[in-house]
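Listed here are the chains, written in short residue letters.
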Amino acid sequence: MKKFFVIGNPISHSLSPELHNFWLKKNNINAVYEKKKLEETELKNFIDNLRNDKIHGINVTVPFKNKVIKYLDKLSLEVEKTDSVNTIYKNGNEIIGHNTDVAGFELGLRHSKISVLHKSALILGAGGVVPSIVYSLLGMGCKKIFLSNRTIEKAENIKKKFNEIEILKWGEIPDFDIVINATSVGLKGDSLDLEFNVKDKIFYDVIYNPKETQFLIKAKQKGNKIENGRFMFVYQANQSFSIWNNVIPKIDDEVLKILG
Ligand code: ATR
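Nothing here was measured: the structure is a model prediction, and the numbers come from that model. (Residues numbered from 1 in each chain as written. Predicted model: local features only at pLDDT ≥ 70, side-chain atom pairs only at ≥ 80, totals over all residues. Heavy atoms only, no water.)

1. Some remarks on the overall build of the protein
Across its full length, the protein holds nine helices and 12 strands. For 260 residues, the compact-globule estimate of 2.2 N^0.38 gives 18 Å, and the protein sits close to it at 18 Å. For the protein, the C-alpha atoms occupy an extent of roughly 55 × 40 × 30 Å along the three principal directions. Counting all 260 residues of the protein, 51% fall into the buried class. Residue pairs in contact within the protein that sit at least 24 positions apart in sequence constitute 62% of those at least 6 positions apart. (Helix = DSSP H or I, 4+ residues; strand = E, 2+ residues; numbered from the N terminus. Rg over C-alpha atoms; globule rule 2.2 N^0.38 Å. Buried < 20%, exposed > 50% of the residue type's maximum accessible area, 1.4 Å probe, protein only. Contact = heavy atoms within 4.5 Å.)

Here's what the structure looks like:
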């Protein structure tokens, strides 16, 4: 039986096992997907299980998306650009690091019929997922990307990788078509200390639990289109699954129900 894992710390909240095990069963694949909490010192040995064929694939989440890189043999272009790995697999004798958050963000937007071609985007936050979102937006032809983070140094670090983005001070709101909350604010019902007086724009929150953060609730009240990060999450999983199992699993209402 094949074995897959998602590793992180903490990991208890992860819905990846529910999603992957659902798809494994649907596709009659004899495998199991589990979550595993690791310490940083355990990463190398854990990845070696892939070398020895004891396990068959690993998803990586916070705080290890960057830290696993040094234990891998080859990196995809998406990883080179974002310094972030969320999917590990073996190809021949090599251990490959890939990042399906990039495709996940794009496929999620496309599923929701949101186009960013020639549009301008404002990203709030500078955490682990932001380089993937920036790279994805650039790939989709977004013409202008503003980035704003409470701690400006972290935003400036991201600009080192993507020189075309423009850093704004926290609280400075430019003219934009889509604003993306990539901060952790909203996870606990809390609200960003920013005021948006706009309508007919797109408000996107990477958070999908709760389904509607204060950021989205207020935006909807003002007449904006809103979208949460559930499709990004489902599509990054869908892409990992297809790499490991050579099957593109179906995304339907039954699957979305798993996310609550
Ligand atoms: P990740 O787990 O994705 O790496 P993180 O590094 O904890 O996440 O980042 C969380 C993001 O939410 C950061 O951009 C953080 O801003 P700082 O870099 O200034 O810490 C942002 N964030 C958290 N609480 C916030 C708050 N109350 N107001 C504004 N931004 C906040």
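2. Thoughts on the sheet that holds strand S9 (residues 166–168)
Here six strands make up an open sheet; going across it, the order is S9-S8-S7-S10-S11-S12 and the pairing parallel. For this open sheet the edge positions go to S9 and strand S12 (225–228), each flanked by a neighbour on one side alone. Pairs of neighbouring strands in the sheet enclose a mean axial angle of 20°, with direction left out of account. Pairing analysis gives four bridges linking strand S10 (residues 178–181) to strand S11 (residues 202–205), with the strands arranged parallel. Each bridged residue has a counterpart across the sheet, and for Asn-181 the counterpart in S11 is Asp-205. Docked against the sheet, helix H5 (residues 130–139) engages strand S7 (120–124), strand S8 (144–148) and S10, running at close to 175° with respect to S7. The sheet strands contacting helix H6 (residues 152–161) are S8 and S9, and the helix crosses S9 at an angle near 175°. (Pairing = 2+ DSSP bridges. Axes fitted to C-alpha atoms, helices over the stretch in contact; angles between N-to-C directions.)

3. Points about the site of the ligand
Around the ligand sit 13 residues, and of these Ala-126, Gly-128, Asn-149, Arg-150 and Thr-151 come closest. At a separation of 2.9 Å, an oxygen atom of the ligand approaches a polar side-chain atom of Arg-150. A total of 640 Å² of accessible area belongs to the ligand in isolation, and the protein chains cover 68% of it. (Near = heavy atom within 4 Å. Polar contact = N/O pair within 3.5 Å; in protein donor to acceptor, adjacent residues only side chain to side chain. Areas by Shrake-Rupley, 256 points an atom, 1.4 Å probe, with all protein chains shown as cover.)

4. Overview of the sheet that holds strand S2 (residues 31–37)
The strand order S2-S1-S3-S5-S6-S4 describes an open sheet built from six strands, whose pairing is mixed. On the outer flanks of this sheet lie S2 and strand S4 (74–75), each paired with one strand and no other. Relative to strand S3 (residues 57–60), strand S1 (residues 2–8) is paired through four bridges, and the arrangement is parallel. Looking at the pairing, Phe-4 lines up with Gly-57 of S3. With respect to the sheet, helix H8 (residues 230–245) is in contact with S1, S2, S3, strand S5 (87–91) and strand S6 (94–98), its orientation differing from that of S5 by roughly 15°.

5. Focus: the domain arrangement of the protein
Many structure descriptions define interface size as the accessible area lost when the parts assemble. Domain parsing of the protein yields domain 1 (2–99 + 232–258) and domain 2 (103–228). The straight-line distance from the C-alpha centre of domain 1 to that of domain 2 is 25 Å. Taken together, the 14 residues of domain 1 in the interface contact 16 residues of domain 2. Summed over both sides, the interface of domain 1 with domain 2 buries roughly 1,300 Å², with 67% coming from carbon and sulfur. If you look at where domain 1 meets domain 2, you find one salt bridge. When the shortest N-O distance is used, the salt bridge between Lys-161 and Asp-83 registers 3.4 Å. Linking domain 1 with domain 2 are three residue pairs in polar contact (both at pLDDT 80 or more). Among the secondary structure elements, those contributing two or more residues to the side of domain 1 that touches domain 2 are helix H3 (77–82) and H8. (Domains from an automatic or database assignment. Buried area = accessible area lost by both parts, 1.4 Å probe. Salt bridge = Lys/Arg side-chain N within 4 Å of Asp/Glu carboxyl O.)

6. Quick notes on H5
Within H5, eight of the 10 residues are buried, leaving the element largely enclosed by the surrounding structure. Turning to H5, its buried residues number three or more, namely Val-130, Pro-131, Ser-132, Ile-133, Val-134, Tyr-135, Ser-136 and Leu-137. One or two positions beyond H5, positive phi appears at Gly-141, with a value near 85°.

7. Focus on the packing of aromatic side chains
Tallying each qualifying case throughout the model produces 12 aromatic pairs. Residues Tyr-33 and Trp-244 carry aromatic rings whose centres are separated by 6.3 Å and whose planes lie at 45° to one another, so their mutual orientation is tilted. Of this pair, Tyr-33 sits in strand S2 while Trp-244 sits in helix H8; the two residues are 211 residues apart in sequence, bridging distant segments of the chain. Residues Tyr-33 and Trp-244 agree in their burial class; the two are buried. Through a chain of ring-to-ring contacts, the aromatic side chains of Phe-176, Phe-196, Phe-203 and Phe-215 assemble into a single cluster. (Phe/Tyr/Trp six-rings, centres within 6.5 Å; stacked < 30°, edge-to-face > 60°.)

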